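# What the coordinates show
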Amino acid sequence: MFTTAGMVQFKDVFKGIETRPYTRSALSQKCLRVSGKQNDLEEVGRTTRHHTFFEMLGNFSFGDYFRAEAIEFAWEFLTHDLALPKERLWITVFGGEGDLPADEDARQLWRKTTGFSDERIVGLGLKDNFWAMGDTGPCGVTSEIFVDMGSGPVSLADFESGRLVEIWNLVFLQFDRQSDGKLMSLPKPCIDTGMGIERLACVVQGETSNFHTDLFAPLIARTSELVGKSYSRSDSEDDVSMRVIADHARAVAFLVAEGIHPSNEGRGYVMRRIMRRAIRHGQRLGFDEPFLHEICAIVVQTMGDAYPELREASVLMSKVAELEETAFRRTLEKGLVLLQEEIAKTKTGGVLSGSSVFKLYDTFGFPPDLTRVIASERGIGIDDDGFAREMVAQQERSRGSAVGEAAIAPVYKQLRDRLGPVRFVGYPDEKEPLSAREGKWRVESTDAGRYLETAVEVSAVIQDGVEVQGASDGLVEVVLTPMPFYGESGGQVGDRGLVVAEGGLTLKIVDTKKPLDDFAVAHARIIRGEVQPGTKVWAGYDPDVRQLTRAHHSATHLLHASLRKVLGEHVKQAGSLVDPEHLRFDYTHFEAPTAEQLRAIEDDANARVRQSSAVTTEVMPLERAKEKGAVALFGEKYGETVRVVTMGDSIEFCGGTHVSNTADIGLILVTREESVASGTRRLEAEVGAAAERTLTKILARLGRAAAVISGEENAADELGGRKAVGELAEPLVSSIAATVRDAQAKARELAEAGEVSAPLKLSVVAPKAPAEWTLPEARRIRDLWRGLVRLSHVHGAEASVIAQDLRFIDTEGLLAAYAHLVAIQRDLEKKLDRVRASRLSSSAGDLLRNVRDVGGVKLLTARVAGLDSKSLRELNDQVRSKAPSGVVCLCSDAGGRALLLVSVSADLVPRLSAIELVNKFAHIIGGRGGGKRELAQAGGSNTSAQATDELFAALALYLEQQRI
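Residues numbered from 1 in each chain as written. Predicted model: local features only at pLDDT ≥ 70, side-chain atom pairs only at ≥ 80, totals over all residues. Heavy atoms only, no water.

## What about the overall build of the chain?
From N to C terminus, the chain includes 28 helices and 31 strands. Taken over the C-alpha trace, the chain has a radius of gyration of 37 Å; the compact-globule value for 964 residues is 30 Å, which it surpasses by more than 25%. For the chain, the spread of C-alpha atoms along the principal axes amounts to about 115 × 85 × 55 Å. Nonlocal contacts in the chain, meaning residues at least 24 apart in sequence, comprise 68% of its contacts between residues at least 6 apart. Across the chain, 118 positive and 137 negative side-chain charges occur, with their mean positions spaced 5 Å apart. (Helix = DSSP H or I, 4+ residues; strand = E, 2+ residues; numbered from the N terminus. Rg over C-alpha atoms; globule rule 2.2 N^0.38 Å. Contact = heavy atoms within 4.5 Å. Lys, Arg positive; Asp, Glu negative; His and termini not counted. Charge placed at Lys NZ, Arg CZ, Asp CG, Glu CD.)

So, in structure tokens, the structure goes:
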């Protein structure tokens, strides 16, 4: 959908790099043009024929036929099948320019086919009749067919005025433009034609605007009805807005059906721009409430028969449109505030900066013309050139969303054409007898591990992107026939493994990729020997790792089915990652599932595991798979034949590896659920042995936490050391240990002050591992850890509330004990604050005896031992309460650091600044500080009494010299 022309997917076929089993084709393709050089966005609604989304029709020849047949086919289709009047049709051909001669062949063929004279076959230059997809690649002269939408004599100006409307472009591909601009001949001349169905409908239905055909009229009518304004088929601003909304609603509907959701990057960013433009026009029309979802519903009604995916996504489409519009309306309000602020900062007759205008456009949906209108009302202009520069930069960012296809290195296509498809032989389950597998298999144990190996041949070797005849060092890619390693696709990671051969050849397989749908290559590091094409080798993978990967992949199917059952049929998979340790599953949904829903999803998925359903795979025609009810995945493209995986009532298209029975999956434990984009959420889970390993780690952490809270074996002190590793270094357990040590330190300080505190000794039993990890016990241990995490982020009474809420899983009393520890720590802190305040009040009274008059200012300087920054400020407050005027300078040492505080009373602030005094003298204690005119502090490295005395003397001398 993001390819801007029908020929994009065929470019390598035109160049002879790739071959297909056919030499001609025709297509109907969904297209979107909103970025790059073919960007029609700003024209939409203001012309009769520009759209963001449109349907591209075309026919292609890959060296099969050329000019004569293409011209005959076009003429027959238009004048016979569609019965368009010949007298309304006009033709253009390439008239020659620069080194390229005029296309006289096309002119002669048109004369012969149509009977037209030369005045109806117009020659134009490179700008109009030469087509290229980009700066390089297949290109050629063109011939275009126009329809006269007016009456009377026709002139060249009518080709630009809109009276003559182009409906079909025939491209005679003969050249391959190089990066230096040189035109090289293609191996065979080819044909690429393009015709938009919207313009064609306009002509066939006798309309003068695409927007007045049955493709758009129902959308405009619904917009008119909802807003309460009539549509007059004019160029009024209201009519323009209705056309924009109709066009953009079609684009939004098809984007949601493609699995795209609004976001701030890539394709989602393109979608968000389209939606915001439609919403802004809706507000201009007078819509006070969300409306876009209503127009999208009409798109489903009018086009759902031709595109069933629209009906399948209709519920999600409505929610995505409504939520995005609701959010953007709030954004627009913020944008208007920002615009008013920018205007307020700009003097009458001034200019708003281009960056400000662009930010309003890109972030808040204000087009420059709207900003210009609002600004002009205040006598202010806008920086058009600056805005244009920002737009160029934005187009580079959105240039693709990498709209289009990622480039595939020619070497893979050439090898695929020569060697044919690479057959994957790793589908059989690891539990199947080796004798039942296709080919020759063995199990080998080496120092590197245990491998399930099969006898294969090295068909090709690639190094540094080039096919080579041998390699003995570094990284290579090898094509194996057949291929036992799964190539990364469908969310499943590529296999790793080992390749060995007689003579000592050893390759470590680090990954396996699929550059083409039916062509996989193994990425390898050469350990020893030389790898060459034709070498017979044993290639194998770790069967235990593969089995875990299978289990995680099968679990994604079950979770998908459970999500659809619990949350609704609108849920679709929107990307996944499957490896031996965990699964990540993105899915379409418009709000966060509740805790009850997540529990139900987990319950349902595990119930499906316990059903012990056989997992079957079938290869069948695409249409038959759809009839069977197989669920297709967003973003995936399917050929005529597909692989369908069935487990219970879960039926999905899938090319990955799976367990043979759902019971083989074992436990499914959800580890995380979060939002990743508007309308898209992510669920992560672990299954079987991977889940049990995680639970064992959690048990170890809970055990350490219990030991720390109970004060066993000086656990808190152990975790406070610098040598903590592994589970001992777990941040949360370390944090609990810090809480224990802090409480212990406060209790000791209170005891020294003669205060009695609550005992710190708490008795906690650590959770034990069950004999078997059932779902209830696994979930309890997981949730117990999550509860501990929650408690670590709160203080005081809130911890007790959380512990009480989670008492049903806290059978050992761990959470309750930690909450009690937090309460004890808080109580100790309050008591200690009172003791310290009493001490400081007494100290302040003693310090006031040191006040002296220096240069007309009362100055108090004092060194106080063992006070931190907070205590220094509290002592200063005590002094200030008893001596409101003057300068206070306090020094202390805490934690091996020298601390300095200077305060200046309010009556002296106009003439003295605490921050200036600190900056002037902090260097004496080897530091620097910050603060305000009333109070500033600094920290330094020199804690000596000599440095402190020097600082006090320097400050007194300064005040004496100032003579305030």
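After that view of the structure, there is still more to cover.
## Examining the pairing of strand S14 (residues 475-481)
S14 sits mainly inside the fold: five of its seven residues count as buried. Of the pairings in the sheet, the one linking strand S12 (residues 449-463) to S14 comprises five bridges and is antiparallel in character. Of the residues in S14, the one forming a bridge with glutamate 457 is threonine 481. In this structure, S14 lies alongside strand S17 (residues 519-528), joined through four bridges in antiparallel fashion. Paired with valine 476 across the two strands is alanine 524, which belongs to S17. (Buried < 20%, exposed > 50% of the residue type's maximum accessible area, 1.4 Å probe, protein only. Pairing = 2+ DSSP bridges.)

## A short note on the packing of helix H12 (residues 314-345) against helix H13 (residues 354-362)
Direction vectors running N to C along H12 and H13 enclose 165°, while the axes themselves pass 10 Å from each other. What the angle tells us is that H12 and H13 run roughly antiparallel. Read as a crossing pair, H12 and H13 show a hand that is left-handed. Residues Gly335, Leu338, Leu339 and Glu342 of H12 touch H13, and the partners they reach there are Ser356, Lys359 and Leu360. (Axes fitted to C-alpha atoms, helices over the stretch in contact; angles between N-to-C directions. Parallel < 35°, antiparallel > 145°, perpendicular 65-115°, else oblique. Left-handed = near helix turned anticlockwise from the far one by under 90°.)

## Points about the pairing of strand S7 (residues 164-177)
Extensive coverage of S7 is indicated by the burial of 11 of its 14 residues. Strand direction decides the pairing type here: S7 and strand S8 (residues 183-196), joined by eight bridges, are antiparallel. Counterpart to aspartate 176 in the pairing with S8 is methionine 184. The hairpin turn running from S7 into S8, its antiparallel successor, is five residues long, and glycine 181 in that turn takes a positive phi close to 90°.

## Things to note about the nonpolar core
In terms of nonpolar packing, the biggest core is built from 66 residues, with Leu32, Leu292 and Leu310 touching the most fellow members. At the level of secondary structure, the elements contributing two or more residues to this core comprise helix H7 (217-227), helix H8 (237-257), helix H9 (266-285), helix H10 (292-303), H12, H13, helix H14 (368-376) and helix H15 (384-398). Take this core: its biggest share by element is 11 residues, from H8. Leave out the neighbours within four places in its chain, and leucine 292 touches Ala249, Val252, Met275, Ala278, Ile279, Ala321 and Glu325. Membership of the second largest hydrophobic core comes to 40 residues, among which are Val740, Leu775, Leu784 and Trp785. (Core = buried A, V, L, I, M, F, W, Y, C linked by side-chain atoms within 4.5 Å.)

## Here we look at the sheet that holds strand S20 (residues 583-588)
Taken in spatial order, the four strands line up as S19-S20-S25-S24 in an open sheet, and their pairing is antiparallel. Each end of this open sheet is capped by a strand with a single partner; those strands are strand S19 (573-578) and strand S24 (668-677). When the angles between neighbouring strand axes are averaged without regard to direction, this sheet yields 15°.

## Quick notes on the sheet that holds strand S31 (residues 935-940)
Where strands meet in a sheet, backbone hydrogen bonds hold them as pairs that are either parallel or antiparallel. The six strands lie next to each other as S26-S27-S28-S29-S31-S30, forming an open sheet whose pairing is mixed. Edge positions in the sheet fall to strand S26 (852-854) and strand S30 (927-931), since each has one partner strand and no second. On average, adjacent strands in this sheet sit at an angle of 25° to one another, irrespective of strand direction. Judged from the five bridges that link them, S30 and S31 form a sheet pairing that is antiparallel. The partner of glycine 930 across the bridge, within S31, is glutamine 937. The strands that helix H27 (residues 914-921) touches are strand S28 (887-894), strand S29 (897-904), S30 and S31; relative to S29, the one it contacts most, it runs at about 145°.

## A look at the side chain of serine 650
Within the secondary structure, serine 650 sits in strand S23 (residues 650-653). The buried category is assigned to serine 650, whose relative accessible area is 3%.

## A look at the side chain of aspartate 810
On the secondary structure map, aspartate 810 appears in the loop between helix H24 (797-805) and helix H25 (814-847). Here the side chain of aspartate 810 touches leucine 815 through a polar contact of 3.0 Å, landing on its backbone nitrogen. Once residues within four sequence positions are removed from consideration, aspartate 810 is found in contact with Leu784, Leu815 and Ala816. (Polar contact = N/O pair within 3.5 Å; in protein donor to acceptor, adjacent residues only side chain to side chain.)

## Considering the pattern of salt bridges
Scanning the model with the defined rule gives 58 salt bridges in all. Ionic pairing is found between arginine 681 and glutamate 673, a salt bridge with its closest N-O pair at 2.7 Å. One exposure class covers both arginine 681 and glutamate 673, and it is buried. One salt bridge in this structure joins arginine 782 and aspartate 783, with 3.0 Å as the shortest N-O distance. Across this residue pair, the class does not change: arginine 782 and aspartate 783 are buried. (Salt bridge = Lys/Arg side-chain N within 4 Å of Asp/Glu carboxyl O.)

## Considerations on the confidence of the model for the chain
Looking at the chain, the pLDDT average stands at 87 and 93% of residues meet or exceed 70. When the criterion is pLDDT under 50, residues 399-406 qualifies, and its contacts beyond four places in sequence or with other chains add up to 15 contacts. (pLDDT = per-residue confidence, 0-100.)

## Some thoughts on a negative patch on the surface
Taken together, the side chains of Glu69, Glu72, Glu76 and Asp81 define an acidic patch exposed on the protein surface. Residue glutamate 69 is classed as partly exposed on the basis of its relative accessible area, which comes to 32%. (Patch = residues over 30% accessible without salt bridge, like charges linked within 9 Å, V, L, I, M, F, W, Y side chains within 5 Å. Areas by Shrake-Rupley, 256 points an atom, 1.4 Å probe, with all protein chains shown as cover.)

## Concerning the packing of helix H20 (residues 688-710) against helix H23 (residues 775-791)
Taken N-terminus to C-terminus, the directions of H20 and H23 make an angle of 50°; their axes are 10 Å apart at the nearest point. As summarised for this structure, H20 and H23 are arranged oblique, according to the angle between their axes. Of the two possible hands of crossing, H20 and H23 adopt the one that is left-handed. Residues Leu695, Ile698, Leu699, Arg701, Leu702 and Ala705 of H20 touch H23, and the partners they reach there are Ala778, Ile781, Arg782, Leu784, Trp785 and Leu788.

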